[in-house]
2 protein chains.
Amino acid sequence: MEANYTISIVDKKKSRLKRGILKEMYRLGSRTLAQLAKALHASVPSVTMLIDELASESWVQEIGTGVAQYGRKPALFGLRPGNQAIVVIDISVHDIKLVVFDLTNRVLDRLDVNLRLEDSVAFLEALQGPLEEVAQRIQEKQLKIIGVGCALPGLVDPRTGINYTYKKLNRPEQSLRQLLAESFDAPVYLLNDTKATILGEHRFGLAKGKNHVLSINIDWGVGLGVINNGEILQGLAGFAGELGHIQLQADGELCTCGKVGCLDTLTSASSLIRRVKAGLREGRVSKLAEENFEDIDVELVIDKARAGDELAIDLLTELGNELGKGLSIAVHLFNPELIIVNGVVGKAERLITRPIEQAIDKYCLADFRTKLVIAVSRLGEMAKLCGTQAYVVQCLLDHEEIP
Amino acid sequence: MEANYTISIVDKKKSRLKRGILKEMYRLGSRTLAQLAKALHASVPSVTMLIDELASESWVQEIGTGVAQYGRKPALFGLRPGNQAIVVIDISVHDIKLVVFDLTNRVLDRLDVNLRLEDSVAFLEALQGPLEEVAQRIQEKQLKIIGVGCALPGLVDPRTGINYTYKKLNRPEQSLRQLLAESFDAPVYLLNDTKATILGEHRFGLAKGKNHVLSINIDWGVGLGVINNGEILQGLAGFAGELGHIQLQADGELCTCGKVGCLDTLTSASSLIRRVKAGLREGRVSKLAEENFEDIDVELVIDKARAGDELAIDLLTELGNELGKGLSIAVHLFNPELIIVNGVVGKAERLITRPIEQAIDKYCLADFRTKLVIAVSRLGEMAKLCGTQAYVVQCLLDHEEIP
DNA sequence: GGATATTTTTAAAATAATTTATTAATAGTG
DNA sequence: CACTATTAATAAATTATTTTAAAAATATCC
């Protein structure tokens, strides 16, 4: 057997340990030799050697000295900033964001594009320009692209990158995945946007350290993200967490999905606006009546609610109640310790969390809510972006290759 | 520093590798040296040495020779049968089963007790006799008890063993967990019965090799078990999968939980019997009218349905439809590839799976059901028993100590 | 039915990792 | 401000593990 064909066990073990070091550093920032040795079940001299190698490969560097309550202070090692680039593309129905991260979660570059997601070939073509621009800028900065992540709405199978909702993005001649791979010449990972958000919250936000968390995002529909045992819940094909299309009203409205009385028809942003307008038409007193009818959007409704507008508060309460009712199902099925409210409605703070809490109190068994907390995200749009980046890093480091 | 206080890295590593070998063997039966070496990322000589040690400690033994398409046939090693004992206690509202397993899933002993679970101190006292008897028999057979597992209904926190539904079992003076620990002098693991069942199906039944599975069990209530990514879904406190108490009818019946219109009120065994009797009172034609009113139970209804009785078939169809409606929520949230029907209603075969399928077709988005299969368990009561045993073995081997 | 190719197993040599011992660094103490 | 207790990092010695090589076993081919 030729020597080239056999990769020795030692090599593989070493590579696994190196990836382990990188994982620890990514997760916890800076680490001492002793901490790494403990985490990897290896001795300090071994870790020292591995760190030396990783440093010469410019993955890690000494960051400073740590604290010790008594003796000599340990040296701290961490990932080297500004070296490796991870490209994150956040595609939404409103706009597109392209953000370049390094391994220390620093933003190296950013490009926002006023392009709306639609299920067409034209969309992919329109995307090409911005992608090239970002690729160009990365090249100028002489960064090494190690991975590309893309968060987008719809039913996305992360194993194949196929989007079952926006089918035009999967054409074999020119798929979104291919387009990204060609633009950046690096491994590409696609992910549903809600799942990216909850991952961001788990790694960098309120859910940090918590292993059973739900996140809810109200936009065109209701998006539910689930962290179970510290991992994103994906299900067989990445469709898990589809709360928006469970039936809450047998005699409800027709949903875009073709079914009747879906949660989406009750609690989406568009349904809120619809109700506001209906309320105004009925002649209900509200500051919103002063606004241009066409300009009324969720943000405006929330602003008015915060200012004390009764109609806005009532309708927001109603939305929260419906949402809480739907969430209480998820609470029974996932038994979480925390629910995070993301997106625009989060700006309503207590005005949305309180009705949700109330509904959960009403519809959940007592044992499920004793330790349950409901909170509004502090990360905003960064949750999705950082989450996508974290997903890419996780995929890269779980894969057998790399350093 | 004294030598006794430091456990060397080598020792820990060796112990981890040994546990890894036992895990592989438990999961896959018999393994060759090469297979183990690959799975453990170690060399063949290393594994040979570990196997020798495990053999001298009477954990494993040579089982025979494997197949090879060309050269020398490999020796197969496997767990040694009839040596270590795992005691499984299956507590249900009908009766209690005490089964002694070895590590190869062989039943070494069994005792069925006609005792009904109730939330009282008397129940624990009544349990003492049977426990002692089984402990006695194990001692006579000179088996070494390595773990005790107990599956029981209710909201069970597997970390603490506290049952939040049957609260009298948790008294600090005499809890179920303590009772079991004292009876068998081994680590005790408590687990919700539905979760034990799905684990059994995953390790030994239809769900083997499938990573995203639901199992449904209709008894006094509806029990949903979830396998996500090959692991039991527990949630924060082990309450996850509580499908029975989500509201399906806002104006429905009052449930035992105090809420209204729960799935349990529509699809439990007792509700089926109630409907059968109501149908008979209304004068509907049925073979069931010939039976003694008091003797009518689920099994009888299913027998008659299989014999073609219209009333029985209609009501079973209705039950399946309601159940399917509830399940379609779970399908949206978990995106499974398989749903297994357990328990008595499983005996109805197609008469229950077809209505469930129909409801899922109606209430689920198309992409969720393309790869979804619905099937009736082939394991029967052994699913729960073997599942509990598997859970104990998993807990023992994941723990840091042992061999 | 013997030669060959393939695979497993064992033994010896080579390498890698851990331990132990030593040196370096730092905060508290008298 | 030296001294001690404590912790970290490094170097040398020791122990484990892997590699390499060789032997044993067996199915296929001619």
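In case you missed it, the structure is sitting above this.
The model shown is predicted, which means the values in this text are computed figures rather than measured ones.

Parameters at a glance
- Residues numbered from 1 in each chain as written.
- Chains lettered and ligands numbered in written order.
- Predicted model: local features only at pLDDT ≥ 70, side-chain atom pairs only at ≥ 80, totals over all residues.
- Heavy atoms only, no water.
- Helix = DSSP H or I, 4+ residues; strand = E, 2+ residues; numbered from the N terminus.
- Expected span 1.5 Å × (residues − 1).
- Buried < 20%, exposed > 50% of the residue type's maximum accessible area, 1.4 Å probe, protein only.
- Polar contact = N/O pair within 3.5 Å; in protein donor to acceptor, adjacent residues only side chain to side chain.
- Near = heavy atom within 4 Å.
- Nonpolar A, V, L, I, M, F, W, Y, C, P; charged D, E, K, R; others polar.
- Contact = heavy atoms within 4.5 Å.
- Buried area = accessible area lost by both parts, 1.4 Å probe.
- Salt bridge = Lys/Arg side-chain N within 4 Å of Asp/Glu carboxyl O.
- Pairing = 2+ DSSP bridges.

Asks: Give a detailed account of helix 10 (residues 310-334) of chain B, specifying residues and quantitative values.
Replies: Every α-helix winds through 3.6 residues per turn, so residues three or four apart in the chain are directed the same way. All names here are of chain B. Relative to the 36 Å expected for 25 residues at 1.5 Å per residue, helix 10 spans 35 Å between its end C-alpha atoms, a close match to the ideal helical length. Burial analysis of helix 10 places 18 of its 25 residues in the buried class, the great majority of the element. Taking the backbone nitrogen of L311 as reference, a side-chain oxygen 3.4 Å away marks D309 as the first, capping residue of helix 10. Where helix 10 terminates, the next one or two residues include N335, which has phi positive at roughly 50 degrees.

Asks: Talk me through the protein's contact with DNA strand C; I want residue IDs and the actual numbers.
Replies: Neighbouring residues of DNA strand C: 21 residues in total, closest S43(A), S46(A), S8(B), Y70(B) and A75(B). For DNA strand C, the fraction of atoms within 4 Å of the protein that belong to sugar or phosphate moieties is 78%. R72(B) places a polar side-chain atom, nitrogen or oxygen, 3.0 Å from a base oxygen of DNA strand C. Between DNA strand C and A75(B) there is a distance of 2.6 Å, counted from a phosphate oxygen to a backbone nitrogen or oxygen. Looking at the surface near DNA strand C, the elements that each hand over two or more residues are helix 3 (44-56) of chain A together with helix 1 (9-28) of chain B. When grouped by side-chain class, the residues that make up the surface near DNA strand C number ten nonpolar, six polar and five charged.

Asks: I'd like a rundown of the interface of chain A and chain B, residues and numbers included.
Replies: Frequently, the measure chosen for interface size is the accessible area removed from exposure when the parts meet. Across the boundary between the two partners, chain A contributes 44 residues, which contact 44 residues of chain B. Where chain A abuts chain B, roughly 3,800 Å² becomes buried across the two surfaces, and 63% of that area is made up of carbon and sulfur atoms. Our enumeration of links across chain A and chain B arrives at zero salt bridges. Those elements giving two or more residues to the side of chain A that touches chain B turn out to be helix 1 (9-28), strand 12 (222-228), helix 10 (310-334), helix 11 (350-363) and helix 12 (366-369) of chain A. The biggest single contributor to the side of chain A that touches chain B is helix 10 of chain A, with six residues. When grouped by side-chain class, the residues that make up the side of chain A that touches chain B number 22 nonpolar, twelve polar and ten charged.

Asks: Lay out the side chain of H202(B) with the relevant residues and their values.
Replies: All names here are of chain B. Position of H202 relative to the elements: it lies in helix 6 (residues 193-204). Within the structure, the side chain of H202 is placed 3.4 Å from the side chain of R203, a separation counted as a polar contact. When residues no more than four places from it in sequence are discounted, the contact partners of H202 are A207, K208, G209, K210, N211, I227 and G230.

Asks: Account for the sheet that holds strand 3 (residues 75-79) of chain B, with residues named and values stated.
Replies: All names here are of chain B. Ordered in space as 1-3-2, the three strands form an open sheet in which the pairing is antiparallel. The sheet is open, and its two edges are formed by strand 1 (31-32) and strand 2 (60-65), each paired on a single side. Of the pairings in the sheet, the one linking strand 2 to strand 3 comprises five bridges and is antiparallel in character. The partner of G64 across the bridge, within strand 3, is L76.

Asks: So, the pattern of salt bridges: which residues are in play, and what are the values?
Replies: As a working rule, side chains carrying opposite charge can pair if their charged atoms are close by. Under the definition given, this model contains 40 salt bridges over all chains. One salt bridge connects E133(A) with R137(A), and the closest N-O pair in it is separated by 3.0 Å. Of the two residues, E133(A) and R137(A) are both situated in helix 4 (residues 121-140); the distance of four residues between them amounts to about one turn of the helix. Across the pair E24(B) and R27(B) runs a salt bridge whose closest N-O atoms are separated by 3.3 Å.

Asks: Please give an account of the protein's contact with DNA strand D that cites residues and values.
Replies: Neighbouring DNA strand D are 23 residues; S8(A), A75(A), S43(B), S46(B) and K73(B) lie closest to it. Looking at DNA strand D alone, sugar and phosphate atoms form 78% of those within 4 Å of the protein. One nitrogen or oxygen atom from the main chain of V10(A) is found 3.1 Å from a phosphate oxygen belonging to DNA strand D. Taking K73(B), its side chain carries an N or O atom lying 2.7 Å from a phosphate oxygen of DNA strand D. Broken down by secondary-structure element, the contributors of at least two residues to the surface near DNA strand D are helix 1 of chain A together with helix 3 (44-56) of chain B. Split into classes, the residues belonging to the surface near DNA strand D amount to eleven nonpolar, seven polar and five charged.

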